[in-house]
Amino acid sequence: MGWSFYYPSTGGSGSGAVGSDGLVSPKEALAAAGIQINEALETYYLNWSNEHYTEWMVTKANGYYTDEDTNTSPARPSVSKAYQAAWDVPELNGQLVAEACDQSDAAANNVQIVWIGRGGGEYHDCPTVMTKEGGSVNTYGVNPDKHYLELTDEEEAVLAKAKELRGENGKVIVIINANNTMELGELQDDDRVDAILFVGGPGKQGFYAIGDVLNGTVNPSGRLADTYAADLLASPAMENFSSKVYYDADAAFPNQYDTMIDYTDADGSTSQRPILFVGYEEGIYVGYRFYETAAADGFFTSAQLPAGVTDPYYNRENGVIYPFGYGLSYTTFTQELTKATYSDGVFTFEVKVTNTGSVAGKDVVELYVETPYTPGGIEKSKVVLCGFDKTDILQPGADQTMTIRVEAEDLASYDDTVNQCYVLDAGDCTFYLGTVNGTVYGSHSWAYATPADSASLTAGANAVTFAAANAISETKIYNDEHDGKRASDETTATNAFTREMTGNNLKVANGDATMNRAAGFAASWPTAPQAEDTVMPQELKDILNDNNYSTKEATALHDEDVEMPVTGKNAGLQLIDLRGLSFDDPLWETYIQQWKPEEMALLLGKAGFQTEAFTQYGKPTTLDNDGPQAFRHQALGEENEKIDTYYMTAFPCEALLACTWNEDLLEEIGQNVGAEGSVNGMSGWYAPGLNTHRTAFGGRNFEYFSEDPFLAGKLAAREIAGAAQYGVFTYIKHFAMNEQEAFCRSWCCGMHMDDSLDRYQNPEWMLMTWANEQTVREIYLKAFEIAIKEATVDLKYLDSEGNEQVAEDFRCATGVMTAFCCVGNTWSGGNHALLQTVLRDEWGFDGTALTDYALHDFMYPDQMIRNGGTACLQSNRKDFVDQNNPSATTVKYLQKATHEMCYMVANSNAMNGMAPGSTITYSLAPWEMGCAVAIVVTGLLFAAVIVLSVLRVRDEKRHPDRYHSAKSL
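Residues numbered from 1 in each chain as written. Predicted model: local features only at pLDDT ≥ 70, side-chain atom pairs only at ≥ 80, totals over all residues. Heavy atoms only, no water.

- An unreviewed UniProt entry lists the protein chain under the name Glycoside hydrolase family 3 C-terminal domain-containing protein, from Gemmiger gallinarum.
- As recorded by UniProt, the Sequence similarities (unreviewed entry) comment attached to the protein chain reads in full: "Belongs to the glycosyl hydrolase 3 family." (UniProt positions renumbered as here; feature names shortened; annotations may be inferred.)

What follows is the structure, given as structure tokens:
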């Protein structure tokens, strides 16, 4: 039962689209597992859909601007149109579902599968109110008191019918086919709902696994990668997220500044840019970091607790239904710490996992840490995830010992106020397993664990405390004045975003900038945008004006006092000669000096879905493409029209992959993507996505892993390494702070566009993203940091003698894709603090920082290359304003960016099998040659006909008598 069973969600839309060819439907998947559905009920649903599907289409008839939906058969509502979305949730109402069940004799089945589906994708966030004005809901699911991620009235009617048909001896199994977390409290607390299975967006073949789990062929072993809250709107982050009037064209945005910024259009005219903002006033308290800390500090009450529950954490008003890291199995496991040591800055734990049940299965070891917290000091969550691993399949009675190592420096918190660097506070540290006495509590295990002392670890321990004297006895301040940089950094991490966060309007209830434990969460709760927040301070306006690179004159204001670099100096070097060399090898400078400025401008301004070939320097073309679930082979023409598109293997969404907690599996997926890409001539992959699930409503949550950056970063690092084993480089995206779709570009403003829907006739919006530096670093950059530092591969290449060489532990994360939004007050793609200071200088990143689709005028390529960016994702070229007779500064940064791109390509599959001294030439394939010959021959014949016709006309004019008899006939 449930409309989405017949029209399921395979993943996300937009860049995450996977196509429909080769899709295995839920019906086919269940049949393969020996589970038959009620086909008469199916017929009712299909007939109803054929009759009503136009009611949830994006058409003028339904009150939208345009007829964007043109499908002629039922499909899921469109949620990824550039300006509009249809957030209807099609479903039979109570009367119709009763009729459908009567006509299909559904009462004969006492096992009911209820399928709940939700979509999501690029351009729009999930609506927080289910109305036409607030959520673009046309007909199905309309309810001003509900949001998109809770059951609609119609779905509740279907569930009620399923429970009725269940009887006393049947079962109701609910399938959650959604990538965004939903409110499931009423299902969890209902004794007549027997099982709930979260399947996310499983890709084209993933529905097979559902049947295997339901019939017991496979024992589920996943763990949630997000917290499932009782009320998703009660999260502190929801005070500043998207807009409830997003789709109301007549309403004013409460998060828009009162001042617009002048900029110069391509035609030389002046326009004004609207500036919007979002404030991350919850600080570091995102996801379980909020819920666990709130529980520890007594924020929750005992109101609205389920029967038999005494822990206020699980209250149904603003508490938790399922903790981060929670999950069930058909068997049971115990976990115990058998060893816990600290030596030379490393904690080492051995965890014995035993299958105590009667079914074989895997288990996940989760390790959380509580570090010393001082009220009024550095903000710290009650616990954070610091390690995890997954067992092999364990037979009943079998056990496996897992070893987890934790670097002490990784437990440091970022102090953005006093020391302005990472600080590891001295004091006791307690580590908790996520499973206590056989029960999986995930992030909430601290509330049920009994810590043992590391000096006298006892049998069956589920937590351990290291006294300060036995581990962190002295505070470490990771700056140049005290204990030096962290070992994993190239340069010392200190406050980098001071300029970028200038002019921010962060202000919580008690007047502080962000929510904090010293004041208490209730007193320092974030506030929604107020009128005073929309007043743009002069210091912000000055910086926004300074960020203007729209003209050659404005760009010249940022010129440096440098000499004109050497260009066009032929050294006879080919790109293959640089493969395997370090990024700082002097030979790179010699190679780059061969390039001319106009060549570099073309290379960097036209890097959409490919990189240009420059055979004179041995630089081959590469094919780069989306998306987070599947390699999509897509070629675009000069005007961005699609020439060729087909989809490859569609893996599950990252939001579902994260629930495996399985690094080995993610590496295997990366290997498969890399192998498939290599076979199909692909070198660059626009994935994985590493932004954070700040709220449940993020439109692109499907292509991001989790609310926790540690889990996300670790999984992504292995996936990146897997792809790199086949020479495929990844563009980790969207760097950074792209946690909402709303307002991040002019396309993402709901109905607030001119009727023309022509972006060239409308102002280009920009979104300021405000946060303090601790929040930026610990939450929103951390996953990227882990992936970039830890993704490694043994790079093989040929030396000048043709012998294979190996560069061991080559850092293979050589590409990132920047975001549309601003980090602070500066566009991420031209943000020096983000791309140069942190990414390159601190983390040691070497490679390409590519923009997202560079169609928007605020994405200035001159600003990009001068501030750590590399190239524009644009297929019909984005020009630099200073590319004709460029300044010495422009040439300097053209060379820097060309070096970055060529380094990435040199160490990819585009150069596989080539030896130093090789040259690259391109020739037509036989079929292309045949087409070319045919075109030439046709052209010559056509020209001959024209010439003969002209000669005939001239001859007729001179000798009309020759043609008179012919005309008479």
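On we go.
Thoughts on the overall build of the protein chain
Right, so step 1: Along its length, the protein chain carries 23 helices and 36 strands.
Right, so step 2: Seen through its principal axes, the protein chain has C-alpha atoms that stretch 110 × 80 × 65 Å.
Right, so step 3: Relative to its full complement of 969 residues, the protein chain shows a buried share of 60%.
Right, so step 4: A separation of at least 24 residues holds for 73% of the contacts in the protein chain among residues at least 6 apart in sequence.
Right, so step 5: For the protein chain, the accessible area works out to roughly 36500 Å², and carbon and sulfur atoms hold 49% of it.
Right, so step 6: Charge centroids of the protein chain, computed over 64 positive and 135 negative side chains, lie 6 Å from each other. (Helix = DSSP H or I, 4+ residues; strand = E, 2+ residues; numbered from the N terminus. Buried < 20%, exposed > 50% of the residue type's maximum accessible area, 1.4 Å probe, protein only. Contact = heavy atoms within 4.5 Å. Areas by Shrake-Rupley, 256 points an atom, 1.4 Å probe, with all protein chains shown as cover. Lys, Arg positive; Asp, Glu negative; His and termini not counted. Charge placed at Lys NZ, Arg CZ, Asp CG, Glu CD.)

What about the environment of Lys 352?
Right, so step 1: With respect to the element layout, Lys 352 can be found in strand E10 (residues 346-355).
Right, so step 2: When the C-alpha atoms of Lys 352 and Ala 468 are compared, they prove to be 26 Å apart, with 116 residues separating the residues in sequence.
Right, so step 3: Non-local contacts of Lys 352, meaning those with residues more than four positions away in its chain, are made with Thr 334, Gln 335, Glu 336, Thr 338, Asp 399, Gln 400 and Thr 401.

Some points on the side chain of Asn 701
Right, so step 1: As for its placement among the helices and strands, Asn 701 is situated in the loop between strand E26 (684-685) and helix H16 (709-724).
Right, so step 2: In terms of polar contacts, Asn 701 uses its side chain to reach the backbone carbonyl oxygen of Thr 695, at 3.0 Å.
Right, so step 3: Those residues in contact with Asn 701 that lie beyond four places of it in its chain are Asn 180, Ala 655, His 693, Thr 695 and Ala 696. (Polar contact = N/O pair within 3.5 Å; in protein donor to acceptor, adjacent residues only side chain to side chain.)

Digging into the packing of helix H13 (residues 597-605) against helix H21 (residues 888-906)
Right, so step 1: At their nearest, the axes of H13 and H21 sit 10 Å apart, and the two run at 55° to each other. Between H13 and H21, the angle falls in the class oblique. Of the two possible hands of crossing, H13 and H21 adopt the one that is left-handed. In this structure, H13 contributes Pro 597, Met 600, Ala 601, Leu 603 and Leu 604 to the contact, and H21 contributes Val 891, Leu 894, Gln 895, Ala 897, Thr 898 and Met 901.
Right, so step 2: Across the contact of H13 with H21, the residue classes break down as nine nonpolar, two polar and no charged. (Axes fitted to C-alpha atoms, helices over the stretch in contact; angles between N-to-C directions. Parallel < 35°, antiparallel > 145°, perpendicular 65-115°, else oblique. Left-handed = near helix turned anticlockwise from the far one by under 90°. Nonpolar A, V, L, I, M, F, W, Y, C, P; charged D, E, K, R; others polar.)

Some remarks on the sheet that holds strand E20 (residues 463-466)
Right, so step 1: Sheet architecture is open: five strands sit in the order E12-E11-E16-E20-E19, paired in mixed fashion. Single-partner strands in this sheet number two, and they are strand E12 (384-390) and strand E19 (451-453). Averaged over all neighbouring strand pairs, the angle between strand axes comes to 25°, with direction disregarded.
Right, so step 2: Across six bridges, the pairing between strand E11 (residues 364-370) and E12 is antiparallel. (Pairing = 2+ DSSP bridges.)

Notes on the confidence of the model for the protein chain
Right, so step 1: On average, residues of the protein chain score 92 in pLDDT, and 92% of them reach the 70 mark or higher.
Right, so step 2: Low confidence marks residues 924-929, where pLDDT is under 50. Its contacts with residues over four positions away, or in another chain, come to two contacts. (pLDDT = per-residue confidence, 0-100.)

What about the UniProt feature "domain: Fibronectin type III-like" (unreviewed entry) in the protein chain?
Right, so step 1: As recorded in UniProt, the feature "domain: Fibronectin type III-like" (unreviewed entry) lies at residues 363-437.
Right, so step 2: Summarising residues 363-437: 0% helix, 49% strand, and an end-to-end C-alpha distance of 14 Å.

Some remarks on unusual backbone geometry
Right, so step 1: Residue Pro 688 is bonded to the preceding Ala 687 through a cis peptide linkage, with omega at -10°.
Right, so step 2: At the junction of Lys 733 and His 734, the peptide bond is cis and its omega measures out at -10° in the coordinates.
Right, so step 3: Residue position: His 734 is located in strand E28 (residues 732-735).
Right, so step 4: The backbone phi angle of Phe 609 is positive, close to 65°, even though this residue is not glycine.
Right, so step 5: Here Phe 609 lies in the loop between H13 and strand E22 (610-611).

Some thoughts on the nonpolar core
Right, so step 1: Counting residues in each nonpolar core, the largest one holds 229 residues, and the members touching the most others are Phe 497 and Tyr 591.
Right, so step 2: Per element, the largest residue contribution to this core is 10 residues, and it comes from H16.
Right, so step 3: Apart from residues no more than four positions distant in its own chain, Phe 497 is found in contact with Glu 773, Val 776, Leu 781, Val 823, Asn 831, Ala 833, Leu 834 and Val 838.
Right, so step 4: Counting residues in hydrophobic clusters, the runner-up holds 32 residues, among them Phe 333, Met 402, Ala 452 and Ala 471. (Core = buried A, V, L, I, M, F, W, Y, C linked by side-chain atoms within 4.5 Å.)

Overview of empty space enclosed by the protein
Right, so step 1: Summed over all chains, the structure comprises six cavities of 30 Å³ or more.
Right, so step 2: Approximately 230 Å³ is the volume found for the largest cavity.
Right, so step 3: In terms of lining residues, the largest cavity is bounded by 23 residues, among which Thr 227, Arg 694, Thr 695, Ala 696 and Glu 707 are the most central.
Right, so step 4: For the second largest cavity, the calculated volume is near 160 Å³.
Right, so step 5: The wall of the second largest cavity is formed by 17 residues, among which Arg 273, Leu 544, Asn 547, Met 766 and Tyr 860 lie closest to the centre.
Right, so step 6: Of the residues forming the lining of the second largest cavity, the biggest block, three residues, is contributed by strand E5 (residues 261-264).
Right, so step 7: Among the residues forming the lining of the second largest cavity, the class breakdown is nine nonpolar, six polar and two charged. (1 Å grid on protein atoms, 1.4 Å probe; cavity = no way out; pocket = protein on both sides within 12 Å on 5 of 7 lines; lining within 4 Å. Points joined across faces, edges and corners; volume = space filled by probe spheres on them.)

Comments concerning the sheet that holds strand E36 (residues 871-873)
Right, so step 1: Across the sheet, which stays open at both edges, the four strands sit in the order E28-E32-E35-E36 with parallel pairing between neighbours. Looking at the sheet topology across the chains shown, the edges are occupied by E28 and E36. Across the sheet, the axes of successive neighbouring strands diverge by a mean angle of 30°, strand direction being ignored.
Right, so step 2: Of the strand pairs in this sheet, strand E35 (residues 848-853) and E36 are connected by two bridges, and their pairing is parallel. Bridging from a neighbouring strand, Tyr 853 pairs with Leu 873 of E36.
Right, so step 3: Strand contacts of helix H19 (residues 832-842): E28, strand E32 (815-818) and E35, with the helix running at about 140° to E28, the strand carrying the most contacts.

What about the pairing of strand E6 (residues 270-273)?
Right, so step 1: Covered by surrounding structure in E6 are Ser 271 and Arg 273 only, the residues Thr 270 and Gln 272 on the alternate face being uncovered.
Right, so step 2: Where E5 lies against E6, four bridges are found, and the strand directions are antiparallel. Counted as the bridge partner of Ile 261 is Arg 273 from E6.
Right, so step 3: The antiparallel hairpin formed by E5 and E6 contains five residues in its connecting segment, where Gly 268 sits at a positive phi of about 95°.

A short note on the environment of Phe 583
Right, so step 1: If you trace the backbone, Phe 583 turns up in the loop between helix H11 (552-556) and helix H12 (587-592).
Right, so step 2: The buried category is assigned to Phe 583, whose relative accessible area is 14%.
Right, so step 3: When the C-alpha atoms of Phe 583 and Ala 408 are compared, they prove to be 30 Å apart, with 175 residues separating the residues in sequence.
Right, so step 4: Leave out the neighbours within four places in its chain, and Phe 583 touches Trp 588, Asp 846, His 899, Glu 900 and Tyr 903.

Things to note about the pairing of strand E16 (residues 429-433)
Right, so step 1: Of all five residues in E16, five are buried; the element is thus mostly enclosed.
Right, so step 2: Relative to E16, E11 runs antiparallel, the two sharing four bridges. Across the sheet, Val 369 pairs through a bridge with Phe 431, a residue of E16.
Right, so step 3: Strand direction decides the pairing type here: E16 and E20, joined by four bridges, are antiparallel. Each bridged residue has a counterpart across the sheet, and for Phe 431 the counterpart in E20 is Val 464.

Some details on the packing of aromatic side chains
Right, so step 1: Inspection of every chain in the model, using the stated rule, returns 58 aromatic pairs.
Right, so step 2: Judged by centre distance (5.9 Å) and plane angle (70°), the ring pair of Phe 290 and Phe 299 falls under edge-to-face.
Right, so step 3: Residue Phe 299 is classed as partly exposed on the basis of its relative accessible area of 22%.
Right, so step 4: Aromatic side chains Tyr 291 and Phe 300 sit 6.4 Å apart centroid to centroid with 10° between the ring planes, which places their arrangement in the stacked category.
Right, so step 5: Under the relative-accessibility criterion, Tyr 291 is labelled buried at 6%.
Right, so step 6: Looking at Phe 300, the relative accessible area reads 9%, which means it is buried. (Phe/Tyr/Trp six-rings, centres within 6.5 Å; stacked < 30°, edge-to-face > 60°.)

Description of the environment of Val 320
Right, so step 1: Among the structural elements, Val 320 can be located in strand E8 (residues 320-322).
Right, so step 2: Classification of Val 320 as buried rests on a relative accessible area of 0%.
Right, so step 3: Put simply, Val 320 and Asp 102 are 218 residues apart on the chain and 38 Å apart in space, counted from C-alpha to C-alpha.
Right, so step 4: Ignoring any residue separated from it by four or fewer positions in sequence, one finds Val 320 in contact with Thr 227, Tyr 228, Ala 229, Ala 230, Tyr 291, Tyr 313, Tyr 314 and Asn 315.

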